[in-house]
Amino acid sequence: VRMLDTRDDVVLWAGPFVTGVPHDVKVTGSIATSSGTQTVMPAGSTGVVLNVTVVNSTADGYVSVRPADAVGAPTTSNINFEARKTVANSITVNLPTSGTDAGTFEVWFDSMGVAGATADILVDVTGYYSSTSIAEIETAIDNNSDAIAEIETAIDDKSDAIAIIGSGGEDFGDIQLDTAYQGY
């Protein structure tokens, strides 16, 4: 889901990034996306997987994507690029889960000293991590145990239809090859 697009013809942001001015992007709860307002990730998500693309940069530089509660200037980059080149990268970012920055990451563009440099940045969410506990997963399995049992039965019923072709002498456990191939 496209979360950020700073190009003029897209409404999700107010123009390109300016060097040294970070912006926060919220990805949990009800938010505006390229497909309208929707919930992209549930509240409490602990991380997000992004595809971040830099286009229309007016100077060489880098982009750093990090949790929104990070302080100071970034010490690492996620994308390095040359002016007027389009560059993308897949990035995984931890998300704060409480406070005003919960569910938010920061995007930082830096042109390494070129005053007034700008770049358009596109951000697509491709996945996320949540803090679902083992107990919650076990409860979901227990609540669906009848469906799981039906699947197991269907697999067992079909096991006789599985054909294994070997060169001879293989140990297939419980499966016995007792009929030679007749070429029919």
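Our subject is the structure that appears above.
With that out of the way, let us pick up the overall build of the protein. Helices and strands together make up the secondary structure of the protein, namely two helices and eleven strands. Going from N to C terminus, the protein has its helices and strands arranged as β-β-β-β-β-β-β-β-β-β-β-α-α. Buried positions account for 33% of the 184 residues belonging to the protein. Pairs at least 24 apart in sequence give 70% of the contacts found in the protein among residues at least 6 apart. Total accessible area computed for the protein in this model is approximately 11200 Å², and 51% of it derives from carbon and sulfur atoms.

In this section: the nonpolar core. Ranked by size, the top nonpolar core spans 28 residues in total, and within it L50, V65, F105 and I121 carry the most contacts. Those elements that provide at least two residues to this core are β1 (2–5), β6 (47–55), β7 (61–67), β8 (79–81), β9 (87–94), β10 (104–110) and β11 (118–129). Apart from the residues within four sequence positions on either side, L50 is in contact with V65, N89, S90, I91, V93, F105, V123, D124, V125 and T126.

Now for the pattern of salt bridges. Overall, the coordinates contain four salt bridges when judged by the stated rule. We note a salt bridge from D5 to R2, for which the minimum N-O separation is 3.4 Å. Of the charged contacts in the structure, one is a salt bridge between R2 and D124, with a shortest N-O distance of 2.7 Å. Note that R2 is positioned in strand β1 and D124 in strand β11, a separation of 122 residues in sequence. Overall, D124 belongs to the buried group, its relative accessible area being 15%. Each of R2, D5, R7 and D124 takes part in a single network of salt bridges with overlapping partners.

Before going further, it helps to examine the pairing of β11. Pairing between β1 and β11: three bridges, direction antiparallel. Residue pairing in the sheet places L4 in a bridge with V123 of β11. Relative to β11, strand β2 (residues 17–18) is paired through two bridges, and the arrangement is antiparallel. The residue bridging V18 from the neighbouring strand is T118, located in β11. With nine bridges joining them, β6 and β11 adopt antiparallel strand pairing. Paired with V48 across the strands is Y128, a residue of β11.

Take Y62: it is sitting in strand β7. Between the C-alpha atom of Y62 and that of F109, which follows or precedes it by 47 residues, the distance is 5.9 Å. Residue contacts for Y62: discarding those within four places in its chain leaves P74, T76, S77, I79, N80, F81, W108, F109, D110 and M112.

Before going further, it helps to examine the environment of T53. Along the chain, T53 falls in strand β6. Along the backbone, T53 and D5 are 48 residues apart, and their C-alpha atoms lie at a distance of 9.3 Å. If near-sequence neighbours (up to four positions away) are discounted, T53 is found in contact with T86, V87, A88, D120, I121 and L122.

With that settled, consider the sheet that holds β8. In spatial order, the strands read β3-β10-β7-β8; together these four strands make up an open sheet with antiparallel pairing. Of all the strands in the sheet, the pair left with one neighbour each is β3 (23–26) and β8. If you compare each strand with its neighbour and ignore which way they point, the axes differ by 20° on average. Direction of pairing for β7 relative to β8: antiparallel, over a ladder of three bridges. Considered in β8, the bridge of G61 is made with F81.

What counts and what doesn't
Residues numbered from 1 in each chain as written. Predicted model: local features only at pLDDT ≥ 70, side-chain atom pairs only at ≥ 80, totals over all residues. Heavy atoms only, no water. Helix = DSSP H or I, 4+ residues; strand = E, 2+ residues; numbered from the N terminus. Buried < 20%, exposed > 50% of the residue type's maximum accessible area, 1.4 Å probe, protein only. Contact = heavy atoms within 4.5 Å. Areas by Shrake-Rupley, 256 points an atom, 1.4 Å probe, with all protein chains shown as cover. Core = buried A, V, L, I, M, F, W, Y, C linked by side-chain atoms within 4.5 Å. Salt bridge = Lys/Arg side-chain N within 4 Å of Asp/Glu carboxyl O. Pairing = 2+ DSSP bridges. Axes fitted to C-alpha atoms, helices over the stretch in contact; angles between N-to-C directions.

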